[in-house]
Amino acid sequence: MSAPQQPLPPIVPAPPPTIPSNPPPPVVLKLDNIQGDVLSGLPKKTETLFFFQITDPIKFRQELRTFIPLIKTVAGVLKDRDAIDKHKKCHGSSLQPHLIPMVGVNIAFSHFGFEKLQIDDSKLLDTAFLSGQKLDAGANLGDKGSGSGTNFIPDWEEPFKQEIHGVILLAGDSHATVDKKLAEIKHIFRVGEHSASIKEITSVRGDSRPGDQSAHEHFGYLDGVSNPQIIGFDQNPPPGPAPVRPGAIVMGEDGDLNQADRADWMKDGSFLVFRYLFQKVPEFDDFVHSNRLKGPGMTDKEGTDLLGARLVGRWKSGAPIDITPFQDDPDLGADPQRNNNFHFSGEVNFQKLCPFAAHIRKTLPRADLESLRISIEKNRIMRRGIQFGPEVTRAEKSAKKTFHGRGLLFACYQSSITNGFQFIQKNWVNNATFPFGEKTQEVPGLDPIISQGTDRKLTGIDPNNPSTELKLDDQWVIPRGGEYFFTPSIKGLSDTIAT
């Protein structure tokens, strides 16, 4: 690949929002009523997700009252984060400062769980939630499987093919802390006893990756950079996409498109999407090396890193290629004041900076739609995933083949799955013509990282020849389970679900 033959277009920042002459009153969120993972994220080095079925609804409601005080709210998480910050300042000079023993617990229910409890959840008004992810996997998400329609069976791990009623999330500093809390919760619901009110379907555990790979997913790219900033919650948000109203994530708040129709017990709740995603890391690494970009003076490693960055839309450091398209800038990637401050501005008919199909552009198109006055606020999601599985072994690197299961326990929150996760996966990620496919000579192609489909290819990889197609000869992210859940408020749990 030679250097670009024409000047790159200027990066045009999005215009600042217009401040109305009579601004609305400030947003006041009930932080002691919203479960903690939704807005602030449970602090975690490790996380266990305990999936269950309700076997005795009456006893479960009674025992749920004992469980509710264990739940960590947003207010509780903020206190925990303050304690963590103070601890880091006190031990900043220590080479290996110990972590504060800490665990946060949240709970969420599927539509099938509400059916079991005989709770009317129709006013959640979300067809994806009401049908469940197993059915949605074939109809809208593109997961591989057998059968069709209501008889579709996805190629998932067996436990996730069963009916799941709920999930308990436990996030903390260590396996020991989390396991101790899980044992306490199992005792409350008498799990494993003859008189148990729930039974375990399966549990999955995720852990932050070690050392300098912490916060990086298994392909090696910094993750979680572009979560939305929430008006009325996030103070002094860094430059980047405009903050969204809280109702995009939390029901019953300003920005919730169905705010007026929600039942009282649904307010301050949020939909939780869980996906059990396996990653074929050695195969991905081999692909980007075998198809590396080439040019005068470019080493094999530089060509490999550049191709990977153009597939993802960021360098492994987190630096966006929309700002630094041809070489990594680790300082930029580590700077929250700069690493999300880009907009794909002025790039219609132009893929020199970032391919249309790059993962971060497919999942958050920014000015691609906003420049057309199309709001994407309703499509924003709050991601809360964590990695699972071991680091790639020497044997796997040598064979260029995956021998051990690893990937991402993907989780995200939104006030509408049909506008949020489902819409992003179906209409952006799996849609070869998005964005601008109808306006350019090149068909953008599929998201190379998380798309599900058979005709896997994309354009824009070579910035000097954007129409050149790159065929993706493998699928490196494989869904192996999942479900849609609703995370109720503390009031919703106490006044409706536990009564």
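Residues numbered from 1 in each chain as written. Predicted model: local features only at pLDDT ≥ 70, side-chain atom pairs only at ≥ 80, totals over all residues. Heavy atoms only, no water.

When helices and strands are counted, the protein shows 16 helices and 13 strands. Computed over the C-alpha atoms, the radius of gyration of the protein is 23 Å, within 12% of the 23 Å expected from 2.2 N^0.38 for a compact globule of 499 residues. Along the first, second and third principal axes, the C-alpha atoms of the protein reach 70 × 65 × 60 Å. The buried share of the protein, taken over its 499 residues, is 52%. Sequence separation of at least 24 residues holds for 73% of the intrachain contacts in the protein that already meet a minimum separation of 6. Total accessible area on the protein is roughly 22100 Å²; 52% of this is exposed by carbon and sulfur atoms. Each charge class in the protein was averaged separately, 57 positive and 61 negative side chains, and the resulting centres sit 1 Å apart. (Helix = DSSP H or I, 4+ residues; strand = E, 2+ residues; numbered from the N terminus. Rg over C-alpha atoms; globule rule 2.2 N^0.38 Å. Buried < 20%, exposed > 50% of the residue type's maximum accessible area, 1.4 Å probe, protein only. Contact = heavy atoms within 4.5 Å. Areas by Shrake-Rupley, 256 points an atom, 1.4 Å probe, with all protein chains shown as cover. Lys, Arg positive; Asp, Glu negative; His and termini not counted. Charge placed at Lys NZ, Arg CZ, Asp CG, Glu CD.)

This paragraph deals with the packing of helix 6 (residues 133–141) against helix 15 (residues 421–429). The contact between helix 6 and helix 15 brings their axes to 10 Å, and the two run at 35°. Contacts from Asp136, Asn140 and Leu141 in helix 6 reach Phe421, Gln422, Gln425 and Lys426 in helix 15. When its residues are assigned to classes, the contact of helix 6 with helix 15 shows two nonpolar, three polar and two charged. (Axes fitted to C-alpha atoms, helices over the stretch in contact; angles between N-to-C directions. Nonpolar A, V, L, I, M, F, W, Y, C, P; charged D, E, K, R; others polar.)

Moving on: the nonpolar core. One finds Leu64, Phe67, Phe109 and Ile168 to be the most contacted residues of the largest nonpolar core, which totals 82 residues. With five residues, helix 10 (residues 300–312) is the largest single contributor of residues to this core. Mapped onto the domain boundaries, this core takes at least three residues apiece from domain 1 (46–90 + 97–276 + 482–495) and domain 2 (279–379 + 417–479). Core analysis: the second largest hydrophobic core is formed by 34 residues, Leu29, Leu39, Val74 and Tyr276 among them. (Core = buried A, V, L, I, M, F, W, Y, C linked by side-chain atoms within 4.5 Å. Domains from an automatic or database assignment.)

Attention now goes to helix 9 (residues 281–290). Listing the buried residues of helix 9 in full gives Val281, Pro282, Glu283, Phe284, Phe287 and Val288. Along its buried surface, helix 9 packs onto strand 7 (270–279), helix 10, helix 14 (394–399) and strand 12 (470–471).

Bringing the domain arrangement of the protein into the picture now. Domain boundaries assigned for the protein yield domain 1 (46–90 + 97–276 + 482–495) and domain 2 (279–379 + 417–479). Taking the mean C-alpha position of each, domain 1 and domain 2 sit 28 Å from one another. On the domain 2 side, the residues contacting the 34 residues of domain 1 number 38 residues. For the interface between domain 1 and domain 2, the tally reads one salt bridge. The closest approach of N and O atoms between Glu377 and Arg245, which form a salt bridge, is 2.7 Å. Summed over the shared surface of domain 1 and domain 2, the result is 10 residue pairs in polar contact (both at pLDDT 80 or more). In terms of residue count, the dominant contributor to the side of domain 1 that touches domain 2 is strand 7 (four residues). (Salt bridge = Lys/Arg side-chain N within 4 Å of Asp/Glu carboxyl O. Polar contact = N/O pair within 3.5 Å; in protein donor to acceptor, adjacent residues only side chain to side chain.)

This brings us to the packing of helix 9 against helix 10. One can describe the packing of helix 9 onto helix 10 by two numbers: an axis separation of 8 Å at closest approach and a directional angle of 115°. As far as their axial angle goes, helix 10 and helix 9 are roughly perpendicular. Crossing geometry of helix 9 relative to helix 10 is assigned as right-handed. Across from Phe284, Phe287, Val288 and His289 in helix 9, the residues of helix 10 making contact are Asp300, Thr304, Leu307, Gly308 and Leu311. Among the residues forming the contact of helix 9 with helix 10, the class breakdown is five nonpolar, three polar and one charged. (Parallel < 35°, antiparallel > 145°, perpendicular 65-115°, else oblique. Left-handed = near helix turned anticlockwise from the far one by under 90°.)

Tracing the backbone through its elements, the reader meets Arg275 in strand 7. Ignoring sequence-local partners within four residues, the contact set of Arg275 consists of Gln133, Leu141, Asp143, Trp156, Leu408, Leu409, Phe410, Phe421, Pro479, Gly481 and Gly482.

Before going further, it helps to examine the environment of Asp80. With respect to the helices, strands and loops of the structure, Asp80 is situated in helix 3 (residues 74–90). A residue is classified by how much of its surface remains accessible, and Asp80, at 13% relative accessible area, is buried. The sequence separation of Asp80 and Met102 amounts to 22 residues, and the corresponding C-alpha distance is 8.1 Å. Once residues within four sequence positions are removed from consideration, Asp80 is found in contact with Pro43, Lys72 and Met102.

Mean pLDDT over the protein stands at 92; residues scoring 70 or higher make up 92%. Scored below 50 in pLDDT, residues 1–19 shows 35 contacts in the model against residues more than four places distant or in partner chains. (pLDDT = per-residue confidence, 0-100.)

Here the focus is the pattern of salt bridges. Scanning the entire structure with this criterion turns up 26 salt bridges. Residues Arg190 and Glu63 are paired through a salt bridge, measuring 3.8 Å at the closest nitrogen-oxygen approach. Note that Arg190 is positioned in the loop between helix 8 (175–188) and strand 6 (198–207) and Glu63 in helix 2 (residues 57–67), a separation of 127 residues in sequence. Residue Asp254 is joined to Arg245 by a salt bridge in which the shortest nitrogen-to-oxygen separation is 3.3 Å. With relative accessibility at 40%, the residue Asp254 sits in the partly exposed group. Linked through salt bridges whose partners overlap, the residues forming this network are Glu63, Arg190 and Glu193.

Within strand 13 (residues 477–487), nine of the 11 residues are buried, which leaves it mostly tucked inside the rest of the structure. Sheet analysis places strand 7 next to strand 13, joined by nine bridges and oriented antiparallel. Looking across to strand 13, one finds that Leu272 is bridged to Phe485. (Pairing = 2+ DSSP bridges.)

Okay, the pairing of strand 10 (residues 407–414) next. Of all eight residues in strand 10, eight are buried, a share of seventy percent or more. Two elements, strand 7 and strand 10, share eight bridges in a ladder whose sense is antiparallel. Looking at strand 10, one finds that Arg275 is bridged to Phe410. Bridge count between strand 9 (residues 386–388) and strand 10: three bridges; the pairing is antiparallel. When the sheet's bridge partners are listed, Ile386 is paired in strand 10 with Leu409.

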